[in-house]
Amino acid sequence: MNLYYRVGAERDLGTPAVIANSAAKGGAGAAPTVNVEIDGRSVAVPEGISVMRAAALAGANIPKLCATEDLAAFGSCRLCLVTIEGRKGYPASCTTLVEEGMVVHTQTPRLAELRRNVMELYISDHPLDCLTCAANGDCELQDMAGAVGLRTVRYGYDGAHHLDKPKDESALYFSFDPAKCIVCSRCVRACEEQQGTYALTINGRGFDSEVVASQNDAFIDSECVSCGACVKACPTATLIEKSVIEHGQPESAVITTCAYCGVGCSFRAETQGGQLVRMVPNRDGHANHGHACVKGRFAFGYATHQDRITTPLVRDSIDDEWQAVGWDEAIRTAAERLQAIQARYGRKSIGGVTSSRCTNEEVYVVQKFVRAAAGNNNVDTCARVCHSPTGYGLKTTLGESAGTQNFDSVLEADVIMVIGANPTEAHPVFASAMKRRLHQGAGLIVVDPRAIDLVQSPHVRADYHLQLKPGANVAVINALAHAVIDEGLEDEAYIRARCDLEAYRIWRAFISEARNSPEATEALSGVPAAQVRAAARLYAGAGNGAIYYGLGVTEHSQGSTMVMGIANLAMATGNLGRPGVGVNPLRGQNNVQGACDMGSFPHELTGYRHLSDEATRRLFEAEWQVALDPEPGYRIPNMFDAAIGGEFKGLYVQGEDFAQSDPDTQHVYAALSAMECVIVQDLFLNETAKFAHVFLPGCSFLEKDGTFTNAERRISPVRKVIAPLSGMDEWDITCRLATAMGYEMRYSHPSEIMDEIARLTPTFRGVSYAKLAELGSIQWPCRDEASAGTPLMHVDEFVRGKGYFAPTPYVPTDERANARYPLLLTTGRVLSQYNVGAQTRRTGAVAYHREDILEIHPTDAQVRGIVDGSWVGLKSRAGETVLRAKVTERVQPGVLYTTFHHPESGANVITTDNSDWATNCPEYKVTAVQAYPVSRPSEWQEMFHRFTAAQQQLSEQALSEA
Amino acid sequence: MTVDAAKLVRMAEQITANMAYTDDVELVAARVADHLNRFWDPRMRQAMAEVANGDADQLSPALKAAVRQLHGVAGEGAL
Ligand code: SF4
Ligand code: SF4
Ligand code: SF4
Ligand code: FES
């Protein structure tokens, strides 16, 4: 059945399509056409494209080397010459645009001769080891030699040449063999145009010209971020994936979606038999347009890592050894234990947690399991700890819990405001699109306590960096809005037409109060009033002002307030409802949006409909044939508190690792230890599994059929590339568990689950696997069967009708620096690693980030006697850990920064149980701490190592048998 | 009672503070009650009600008023 998915080679039409306003309502508008004649055939082609592309569309492939559809035409190789009637000479077809009535010949004896001459020169300085070359079968130079009929090389091969240049194997995932370079500069242009990193240049002139990374550095030491764009662009074996060198050319491909971040890049998973050889970004991918980052492109080794558990495990207590068992026994054990707990402690004593890493279908069945089979609403999702405030804030103000734009919209923004997000590290492919727009001259405002890369990087410089103190977000957003109103910059006509005027009146009075002025908030936020005012003017007066934000907004005790503040600012300046504007959460995990859409929160069903809504409940009750509890259940932190209180006893955890990812680790440990049955479904025996009684092995994204929904609400297909290593589909595990507990759940394929979702969810009307195969991807809402999706939301009116201005008082966090804990710790992530690192730490990418480092300002370091590279003890009211210091001015005095990719770092031993007032999203971004030099790991770390070693021992026997 | 009452009070007061953009205690109380009714498990609402029945003076005026408007607590046998 999977043969259905196989796709052929990607076609390269040579030069890019003309981008019609893709962000406009219905997607690409039909561009006007012109009529041309190519080799005797008349064709109508879009205006503004190249002769090369027109010929390709008409079926004539003109030889080319320096051109590729992913990059702007360059015109350097002179292989693509054509003749055009009425014009002199032989123009390059890649740089010549079509004109009405043009008559083109792509093949004549003279053209053939010219092309052969060009090829002859290239080949005379190229090694002739085609048969043993890794690119054999996928080399454009080889193809072109064939296409132009090259038979001899008159120059001989012993003149001056570049054949002895050494290879650079330093990059982790690809190799660079300059001897094979034809200096077409496609790599250089890919690094500039697609990635925006400018790591490569052509050094020297004429015969001496060569490709170099940074200042003639090895790749690993250069600015290269290993996105792989240059590798894809290279027409020869010069830049090539090491996996292809190792395995040979892939023979088959499946289109699927990256399982790392919320950009949701579309990929061709290219295989050789059952072996994944490489992941190549899909040119037709609607979120990424043929681009990717190091994680999706290269970091897939975890899927086959030796730590993968592929057999179910059970044990009675966490001090017992794990026993490897068959699926039936594992499911029976899990079901019996959950039922016994319910019999003893009540129906509401168990619950489940869905994962943003899993597919929509897998998430849906877990929440259905909890509501229908367990009979309560104790279901939550890991989005609780990242974007729950987005759901609350955007639903309240705009009426829908999702970002307003598609990614392409950024290409029409005039001013971009980035708040509490670090796109170049966390959403790299979107960051590249953003940088493209910045290179074209869009304004940039960065609101962040740290000087993130965007503040100043090659060809990008923020107009304003509002470097606020951690915890002062709401003060700053209020000050920006105050300045807008104070200086009369609001869009009155827009507000009158689109917003709830009574709410606006109340909000306007509130925001105009002196306490919200830039001058009054300056002392709290540390941002000079004049800067705030200037930034407000830039954003409000831009034409198109677009806001992008991340976890630096949500993971605060006022996360929901801040999201509403952002929506207020956008409404007040009329920056919602058209291309180039909007309020855009940059979602962390690949399927955060989807997990939220699928009814994972304890208070709502799919499509964000509250349980108390009778009509919705009836709909589900009829479909599921079960009575639903109309009251909300526990959120994750409530589950933990209730576990410690002794009334919550059993938890089914789908692919989430609380014991590392959730704040206040010691509290989490206590809660997990207090439960009688913890069931973990995951790829690895992760931190949480150390507390588990049943382990159900899950599938990597390469082993599943399903869908992910990215940060722009785009539902994209995930397709099985290889069979599940565990022999069981993840959705099926959940269904079997429900069935074993007496509630029958059966589907024959995940497409049936999607059909059920579409039946029950108004915003998913008509979404099906067939439609996804046809369209490639679909952005919800789909309000009727015929809908092809909605790239832009709130176009004529807000989803809630009138936009609602919510008052946003600034309530400072309780987590304040004081004499005991005088510094503020904030947390984040790096490009090469992903969250808890369970995946990325099990790939070569670990070489880029071996440990979590503590960034500290030189002043703070000096007074404490902390030097670069030394061990630093960190203590908060929650706990104590030890990290290695990096002394840097990237952080402000008084602020510390670290990542949390490695469990032994214990970054979350330090973070507290403080959380967002509305959603309990933890306040990861602010913890008051003290720092001091130490010489050994903390007590917690020592305990962690002992516990890890003990747990490892308890699984050794079972794993060696299995 | 099995939940940590002090923590619930802290969370409820936090909600109240964030809703308190006006001095109108009744308005704030209504919004706080609505929030707790929509997002809190009834067992947590029940625990809040018990706190209010005991030492109500530890609660801010708006929260105290809000607790009186909670659904499904004390007497109605929500548990
Ligand atoms: S891998 Fe990406 S960043 Fe590195 S040189 Fe190539 S295009 Fe540039
Ligand atoms: S490395 Fe490849 S893409 Fe770059 S100039 Fe050489 S042949 Fe062209
Ligand atoms: S940007 Fe995100 S979705 Fe795209 S390849 Fe990288 S990790 Fe995957
Ligand atoms: S492909 Fe046109 S000049 Fe190289």
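Since we're looking at a predicted model, the values are computed, not measured.

**Focus on the overall build of chain B**
A tally of helices and strands in chain B yields 4 helices and 0 strands. Long-range pairs, those at least 24 residues apart, make up 65% of the contacts in chain B between residues at least 6 apart in sequence.

**A few points about the site of ligand 3**
All names here are of chain A. By nearness alone, every residue bordering ligand 3 is listed as Cys258, Tyr260, Cys261, Val263, Gly264, Cys265, Phe267, Cys293, Lys295, Gly296, Pro428 and Val429. Counting only elements with at least two residues in the shell around ligand 3, the list comes to helix H7 (294-298) and helix H12 (428-439). Class assignment of the residues belonging to the shell around ligand 3 gives a composition of 9 nonpolar, 2 polar and 1 charged.

**Brief notes about the packing of helix H1 (residues 5-19) of chain B against helix H3 (residues 42-55) of chain B**
Residue and element names in this part refer to chain B. It is at 10 Å that the axes of H1 and H3 come closest, and there the two elements cross at 95 degrees. When the axis of H1 is compared with that of H3, the two are roughly perpendicular. Between H1 and H3, the residues in contact are Ala5, Leu8, Val9, Met11 and Ala12 and Met44, Ala47, Met48 and Val51, respectively. Among the residues making up the contact of H1 with H3, the classes are represented as 9 nonpolar, no polar and no charged.

**Points about the environment of Gly526 of chain A**
Residues and elements named next belong to chain A. The residue Gly526 is located in the loop between helix H16 (518-525) and helix H17 (529-540) in this model. Distance in space between the C-alpha atoms of Gly526 and His667 is 33 Å, their sequence separation being 141 residues. Filtering out sequence-adjacent residues up to four positions away, Gly526 remains in contact with Gln467, Lys469 and Thr521.

**Section: the nonpolar core**
Counting 68 residues, the largest nonpolar core has Leu200, Leu239, Ile416, Met434 and Leu444 of chain A as its most contacted members. Top contributing element to this core by residue count: H12 of chain A, with 5 residues. Residues from two domains meet in this core; each of domain 2 (331-386 + 591-737) and domain 3 (388-585) of chain A gives at least three. Ignoring any residue separated from it by four or fewer positions in sequence, one finds Leu200 of chain A in contact with Cys187, Val188, Cys191, Val211, Val212, Ala213, Phe219 and Cys230 of chain A. Residues Ile636, Leu672 and Ala806 of chain A together with Val67 of chain B belong to the second largest nonpolar core, which totals 64 residues.

**With respect to the pairing of strand S28 (residues 694-697) of chain A**
All names here are of chain A. Across the two faces of S28 the burial is the same, with Val694 and Leu696 and Phe695 and Pro697 all buried. When strand S13 (residues 313-314) meets S28, the two strands line up antiparallel, connected through 2 bridges. By the bridge assignment for S28, Val314 is matched with Val694. With 4 bridges joining them, strand S27 (residues 677-682) and S28 adopt parallel strand pairing. When the bridges of S28 are listed, Gln681 appears paired with Leu696.

**Observations regarding the interface of chain B and chain A**
On the side of chain A, 30 residues touch chain B, which itself brings 22 residues to the contact. At the boundary of chain B with chain A, total buried surface from both sides reaches about 2,600 Å², with 50% on carbon and sulfur atoms. Broken down residue by residue, the surface that chain B buries against chain A is led by Asn18, Tyr21 and Arg43 of chain B, which jointly contribute 27%. Along the contact surface separating chain B from chain A lie 5 salt bridges. Two residues, Asp913 of chain A and Arg10 of chain B, come together in a salt bridge whose shortest N-O distance is 3.1 Å. For the pair chain B and chain A, the number of links is 13 residue pairs in polar contact (both at pLDDT 80 or more). If you list the elements that add at least two residues to the side of chain B that touches chain A, you get H1, helix H2 (25-39) and H3 of chain B.

**Topic: the sheet that holds strand S5 (residues 103-105) of chain A**
Residue and element names in this part refer to chain A. In spatial order, the strands read S3-S2-S5-S4; together these 4 strands make up an open sheet with mixed pairing. Because the sheet does not close on itself, it has two edges, and the strands there are strand S3 (41-46) and strand S4 (83-84). Here strand S2 (residues 33-38) runs beside S5; their pairing, made up of 2 bridges, is parallel. Bridge pairing in S5 places Glu37 opposite Val103.

**Notes on the confidence of the model for chain B**
Residue and element names in this part refer to chain B. For chain B, the mean per-residue pLDDT works out to 85, and 89% of the residues sit at or above 70. Confidence drops under pLDDT 50 across residues 75-79; counting only partners more than four residues distant or on other chains, this segment forms 3 contacts. Overall fold confidence (pTM) sits at 0.91, and the ipTM for the predicted complex is 0.91.

**Quick look at helix H22 (residues 636-644) of chain A**
A large share of H22 of chain A lies buried, amounting to 7 of its 9 residues. Considered for burial, the residues of H22 of chain A that qualify are Ile636, Asn638, Met639, Phe640, Asp641, Ala642 and Ala643 of chain A.

**Re unusual backbone geometry**
All names here are of chain A. Here the residue pair Trp780 and Pro781 is connected by a cis peptide bond, since its omega of 5 degrees sits within 30 degrees of zero. Non-glycine residue Tyr198 carries a positive phi angle of around 55 degrees. Among the structural elements, Tyr198 can be located in the loop between helix H4 (186-195) and strand S7 (200-203). You can call Tyr198 partly exposed: its relative accessible area is 24%. The phi dihedral of His289 is positive, around 45 degrees, even though this residue is not glycine. If you trace the backbone, His289 turns up in the loop between strand S12 (275-281) and H7.

**A short note on the packing of helix H21 (residues 614-624) of chain A against helix H26 (residues 750-760) of chain A**
Residue and element names in this part refer to chain A. Two elements in contact, H21 and H26, have axes whose closest approach is 10 Å; the angle formed by their N-to-C orientations is 150 degrees. Like other packed secondary-structure pairs, H21 and H26 cross with a definite hand, here right-handed. Contacts from Leu619, Phe620, Glu623 and Trp624 of H21 reach H26 at Glu756, Arg759 and Leu760. Of the residues contributing to the contact of H21 with H26, the split by class is 4 nonpolar, no polar and 3 charged.

**Let's talk about the domain arrangement of chain A**
Domain annotation for chain A reports domain 1 (1-107), domain 2 (331-386 + 591-737), domain 3 (388-585) and domain 4 (823-947). One C-alpha centre belongs to domain 1 of chain A, the other to domain 3 of chain A; they are set 40 Å apart.

**Brief notes about helix H2 (residues 109-124) of chain A**
Side chains three or four residues apart in an α-helix point the same way, a direct result of the helix having 3.6 residues per turn. All names here are of chain A. Its 16 residues place the ends of H2 22 Å apart at the C-alpha level, agreeing with the 22 Å of an ideal helix rising 1.5 Å per residue. Among the residues of H2, Leu111, Ala112, Leu114, Arg115, Val118, Met119, Glu120, Tyr122, Ile123 and Ser124 are the ones counted as buried. Lining the buried residues of H2 we find S4, S5 and helix H3 (140-147).

**So, the pairing of strand S18 (residues 443-447) of chain A**
A regular strand places its side chains on the two faces of the sheet in alternate fashion. Residue and element names in this part refer to chain A. Of all 5 residues in S18, 5 are buried, a share of seventy percent or more. Both faces of S18 are covered, namely the face carrying Gly443, Ile445 and Val447 and the face carrying Leu444 and Val446. Relative to strand S21 (residues 464-466), S18 runs parallel, the two sharing 3 bridges. Its bridge partner being in S21, Val447 is matched across the sheet by Leu466.

**A word on the sheet that holds strand S10 (residues 252-257) of chain A**
All names here are of chain A. One open sheet accounts for 4 strands, arranged S1-S10-S11-S12; its pairing is antiparallel. Lying at the two open borders of the sheet, with one neighbouring strand each, are strand S1 (6-7) and S12. Examined bridge by bridge, S10 and strand S11 (residues 266-272) share 6 bridges and lie antiparallel to one another. Paired with Val254 across the strands is Ala269, a residue of S11.

**A closer look at the environment of Pro109 of chain A**
Assignment of secondary structure puts Pro109 of chain A in helix H2. Taking the C-alpha atoms as reference points, Pro109 of chain A and Gly301 of chain A, 192 residues apart in sequence, are found 50 Å from one another.

**Comments concerning the state of the cysteines**
Residue and element names in this part refer to chain A. This structure, assessed with the given rule, holds 0 disulfides over all chains. Cysteine Cys735 shares no disulfide, and the gap to the nearest cysteine sulfur, in Cys699, comes to 13 Å. Cys735 gets classed as buried once you look at its relative accessible area, which sits at 1%.

**A closer look at the side chain of Gln342 of chain A**
Residue and element names in this part refer to chain A. The residue Gln342 is located in helix H8 (residues 327-345) in this model. A relative accessible area of 15% means that Gln342 is categorised as buried. Within the local environment of Gln342, its side chain forms a polar contact with the backbone oxygen of Arg347, the two atoms lying 2.9 Å apart. Once you skip the residues sitting within four places of it in the chain, Gln342 turns out to touch Arg347, Ser349, Ile350, Ala374, Asn376 and Met741.

Cut-off values and rules
Residues numbered from 1 in each chain as written. Chains lettered and ligands numbered in written order. Predicted model: local features only at pLDDT ≥ 70, side-chain atom pairs only at ≥ 80, totals over all residues. Heavy atoms only, no water. Helix = DSSP H or I, 4+ residues; strand = E, 2+ residues; numbered from the N terminus. Contact = heavy atoms within 4.5 Å. Near = heavy atom within 4 Å. Nonpolar A, V, L, I, M, F, W, Y, C, P; charged D, E, K, R; others polar. Axes fitted to C-alpha atoms, helices over the stretch in contact; angles between N-to-C directions. Parallel < 35°, antiparallel > 145°, perpendicular 65-115°, else oblique. Core = buried A, V, L, I, M, F, W, Y, C linked by side-chain atoms within 4.5 Å. Buried < 20%, exposed > 50% of the residue type's maximum accessible area, 1.4 Å probe, protein only. Domains from an automatic or database assignment. Pairing = 2+ DSSP bridges. Buried area = accessible area lost by both parts, 1.4 Å probe. Salt bridge = Lys/Arg side-chain N within 4 Å of Asp/Glu carboxyl O. Polar contact = N/O pair within 3.5 Å; in protein donor to acceptor, adjacent residues only side chain to side chain. pLDDT = per-residue confidence, 0-100. Left-handed = near helix turned anticlockwise from the far one by under 90°. Expected span 1.5 Å × (residues − 1). Disulfide = S-S within 2.5 Å.

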